[in-house]
Amino acid sequence: MDGKSLLILLFVIIAGAWIWHHLGLRQIALHHARRAAKKEGVQMLDDSIYLRRMRLARSTESIIAFQRMYQFEFSTVGDRRFLGWVILRGRRLESVHWQPYVEDKIIH
């Protein structure tokens, strides 16, 4: 195996590890979004979450860490969709934010 092939193989391995790590963090964010939606009394829609933004930030455990903002959609009783955000710093939950919403009431 020559140097160029070895470099390409190393790049593929690092990219695969990065993707695997990101998917694990996505699952952590999804867990926090589900838990927060249940606590807030709203319904998380589509059971999905996606990475909205990623940046470097200061960390309490190390000098720097990645801060990731994941976005999801939720609804109250009605059919309107609202946005929510889960922010992770490293692997730790930093905060959950909700788009302002009005609770819909079911009238019998």
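This text gives an overview of the structure that appears in the document.

Cut-offs used in this document
Residues numbered from 1 in each chain as written. Predicted model: local features only at pLDDT ≥ 70, side-chain atom pairs only at ≥ 80, totals over all residues. Heavy atoms only, no water. Patch = residues over 30% accessible without salt bridge, like charges linked within 9 Å, V, L, I, M, F, W, Y side chains within 5 Å. Areas by Shrake-Rupley, 256 points an atom, 1.4 Å probe, with all protein chains shown as cover. Salt bridge = Lys/Arg side-chain N within 4 Å of Asp/Glu carboxyl O. Helix = DSSP H or I, 4+ residues; strand = E, 2+ residues; numbered from the N terminus. Buried < 20%, exposed > 50% of the residue type's maximum accessible area, 1.4 Å probe, protein only. Pairing = 2+ DSSP bridges. Phe/Tyr/Trp six-rings, centres within 6.5 Å; stacked < 30°, edge-to-face > 60°.

What follows covers a nonpolar patch on the surface. A cluster of nonpolar side chains, namely W18, I19, L23, L51, M54, L56, I63, I64 and F66, defines an oily patch on the protein surface of about 870 Å² accessible area. When residues of the nonpolar patch are traced back to their parent elements, those giving at least two are α1 (3–40), β2 (50–58) and β3 (64–75). Within the secondary structure, L56 sits in strand β2.

With that out of the way, let us pick up unusual backbone geometry. Its identity is not glycine, yet D46 carries a phi of approximately 60 degrees, on the positive side. Relative to the assigned elements, D46 resides in the loop between β1 (43–44) and β2. Among the residues examined, D46 registers a relative accessible area of 53% and is labelled exposed. Even without glycine at this site, D47 takes up a positive phi of about 50 degrees. Tracing the backbone shows D47 in the loop between β1 and β2.

This brings us to the pairing of β2. Here β2 runs beside β3; their pairing, made up of eight bridges, is antiparallel. What sits directly across from Y50, in β3, is Q71. Count of turn residues in the β2/β3 antiparallel hairpin: five residues.

Moving on, we come to the pattern of salt bridges. Tallying each qualifying case throughout the model produces four salt bridges. By sharing partners, the salt bridges in this structure join D46, E73 and R81 into a single network.

What follows is about the packing of aromatic side chains. With the rule as written, the count across this model stands at seven aromatic pairs. Taking 5.7 Å as the distance between ring centres and 90 degrees as the angle between the ring planes, the aromatic pair formed by F72 and W98 counts as edge-to-face. With a gap of 26 residues between them, F72 in strand β3 and W98 in strand β5 (residues 92–98) connect regions that are remote in the sequence. Note on F74 and W98: the rings are 4.9 Å apart at their centroids and 90 degrees apart in plane angle, and the pair reads as edge-to-face. Of the two residues, F74 sits in strand β3 while W98 sits in strand β5, which places them 24 residues apart along the sequence.

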